[in-house]
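Structural overview
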Amino acid sequence: MKHLFKTAICALLALPLTTACEMDQYPDGSLTEGQAWTEYADAQKCYVGLLSSIRSVSGGSNAYITDIQSDLFNERVASSSLTREHSWTFNNTQFAGDVIWSRNYSLVLQANYLLRNIGKIEEMDNLSDEQRTMISCYKGTAYFARAYAYCNLLPRYCKDYEPADGDNPGTGGELGLPLLANYGSHLKPARATLDETLKFVELTLDSAQAYMVDVYDDVNHPNTFTIDALRSRLCLYQHKFDEAISLSKNLVNNYSVVPGFKALQMMWVLDESSETIFQPLQTPDELATSYDIFVSFDIQTENLEAYINGMKSFYLPTQGLIDLFEPSDLRGQVYFNYPYMQSNPPISGVTPGTSVEGTVFYKFPGNQNLWKKGNEWYSKIYNMSKAFRGAEQYLICAESALRKSEPNLDLALHMLNELREARGASSLPDNLSKDELIKVMEEEWVREFVGEGFRLDCLKRWHKGFKRMEPQPFTDAILITTPGFTDLEVSADDPKWVWEIPSQDLQANPNLTPNWK
């Protein structure tokens, strides 16, 4: 059934969707409240809209904002993007991260809208068995989408979760998220506790698993493995290490990392890999996930034919990040490019057109299959986001094995070595201590997932601050070097590790308690 409705889905995903700014707005792409669901096609259309909303919270700026905040990149002179976030000078009224809140709550509303109305279709007597199977799949996807949205919000807007232990009360009683189990424009819930939020997400995942039917065998639709991957991620967050290990080991068996340069390159150049668990669909007509903050070309068009004069990426990898990769590590070979870059005039002492050699983060080079006819290739730097992939499960398993009360060093070593060897890195010796394995594990999170939005979550989970890594040694004024940029230090107890709820939502819903006092 994998090709069922595929043409319709591709066409409907191309419809524009705007993002709600408040939690009580009507979900985009949906029938109005005055319109009854009268035919099976209404359920299908709502499912397609739901897939589009899932795509809107996956990858692109949803991921790289947090990596730009971290210690891995430096901002280029004349960049106008994410400067406040990069220097940690953002506030609750000037913050690019607000889109994370609005898009994920739009996804919650879209999921709840489907769940509220799909019963009208289920009651129809003229449905085929195939249609009833699809409706179950739609419901499973809606529950998954709601859980996915909350899991995206938890590490950003809540304190890191610590379970109660002995005299330690933990953080379960701290502020969680406003919970929406139903659809309604009148709902203005207060924030639940963190424990209550986690329980709500767990129950939502239970419902997702109960209804999900694997009718598609491609990576563009959520399935039961996707639900397990999200639950595994949540278990690590909750310190449910044994459950995380069980889930991740099963997922590793089904989505093992593929050795070799070509396999790794295909995953990032053409978005094709058996390691990918879930990858929201993009086509040339519905592009959503751009990474041109890392890959941007200086195009000179005064001649008859446009030509590339150099790179003008907004953010460049630190030298410290580059040095994390061994020469044999295939990730370093795929993730970085060594072009000539153009200095950004006007810069004192640097004339326009000066070429400066340096390293560019090239993990997302743009998938040529997403280029639309009539556009030059350099004008569309889009890659499909990998919402879940097998490599994450190796690291969840290794970290859980090391963090549990009785560490399993052998399991952690096995998982780390299997991942490293597939990527061309050297094998770890058998006699590493727990602390040595933890250090490798933490660095592997960087090496594997740089640019995908994991770094800030990891540092917060490990209760670590950071000092931005050593910058590349440019001979010209390429980077912003004023205080608070290349030398930025952020302590583990800085209140901005927990983002503030957008000011318009605090104003619209007086029941919400802010994070920043």
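Residues numbered from 1 in each chain as written. Predicted model: local features only at pLDDT ≥ 70, side-chain atom pairs only at ≥ 80, totals over all residues. Heavy atoms only, no water.

1. Here's the deal with the side chain of Ser248
Selection criterion: Helix numbering and strand numbering both begin at the N terminus, where a helix is a DSSP run of H or I of at least 4 residues and a strand a DSSP run of E of at least 2. Whenever two N or O atoms come within 3.5 Å, that pair is a polar contact, provided that in protein one can donate a hydrogen and the other can accept it, and provided that, for residues adjacent in sequence, both atoms are side-chain atoms. The contact definition used throughout considers only heavy atoms, calling two residues in contact when any of these lie within 4.5 Å.
Of note, Ser248 is situated in helix α9 (residues 241-254). A polar side-chain atom of Ser248 sits 2.8 Å from the main-chain carbonyl oxygen of Ala244. Here Ser248 is in contact with Ser232, Gln393, Ile396 and Cys397, once residues within four sequence places are set aside.

2. As for the nonpolar core
As a reminder, the rule being used: Think of a nonpolar core as a cluster: buried Ala, Val, Leu, Ile, Met, Phe, Trp, Tyr and Cys residues, connected wherever their side-chain atoms sit within 4.5 Å. Each residue is placed in one exposure class: buried if its accessible area under a 1.4 Å probe, protein chains only, is under 20% of its type's maximum, exposed if it is over 50%, and partly exposed if it falls in between.
If you look at the biggest cluster of nonpolar residues, it comprises 115 residues, and the most contacted ones within it are Phe294 and Leu321. Residue contributions to this core peak at 16 residues, all from helix α6 (residues 129-157). Once you skip the residues sitting within four places of it in the chain, Leu321 turns out to touch Leu72, Phe73, Phe336, Val446, Val450 and Met469. Within the second largest apolar cluster, 34 residues are counted, among which are Cys397, Met415, Leu419 and Trp445.

3. Topic: the packing of helix α8 (residues 224-238) against α9
Inclusion rule: Helix axes are fitted to C-alpha atoms over the stretch in contact, other axes to C-alpha atoms as well, and angles between N-to-C directions run from 0 to 180 degrees. Left-handed describes a crossing whose near helix is turned anticlockwise from the far helix by less than a right angle; the clockwise case is right-handed. Amino acids are sorted into nonpolar (Ala, Val, Leu, Ile, Met, Phe, Trp, Tyr, Cys and Pro), charged (Asp, Glu, Lys and Arg) and polar (every other residue, Gly among them).
Interhelical geometry of α8 versus α9 gives an angle of 145° and a closest axis separation of 8 Å. Along this stretch, α8 crosses α9, giving a crossing that reads as left-handed. Packed against α8, whose contacting residues are Phe225, Asp228, Ala229, Arg231, Ser232, Cys235 and Leu236, the element α9 presents Phe241, Glu243, Ala244, Leu247, Ser248, Asn250, Leu251 and Asn254 at the interface. Across the contact of α8 with α9, the residue classes tally to eight nonpolar, four polar and three charged.

4. Some points on the packing of helix α13 (residues 390-403) against helix α15 (residues 434-449)
The test is simple: The scheme is simple: roughly parallel for angles under 35 degrees, roughly antiparallel for over 145, roughly perpendicular for 65 to 115, oblique for anything else.
Put simply, α13 and α15 touch, their axes get as near as 10 Å, and they point 160° apart. Considering their axes alone, α13 and α15 lie roughly antiparallel with respect to each other. Note that α13 runs across α15; the crossing there is left-handed. Each of Ala391, Glu392, Leu395, Ile396, Ala398, Glu399, Leu402 and Arg403 in α13 lies in contact with α15, whose residues at this interface are Lys434, Leu437, Ile438, Met441, Glu442, Glu444, Trp445, Glu448 and Phe449. Per-class residue counts for the contact of α13 with α15 are 10 nonpolar, no polar and seven charged.

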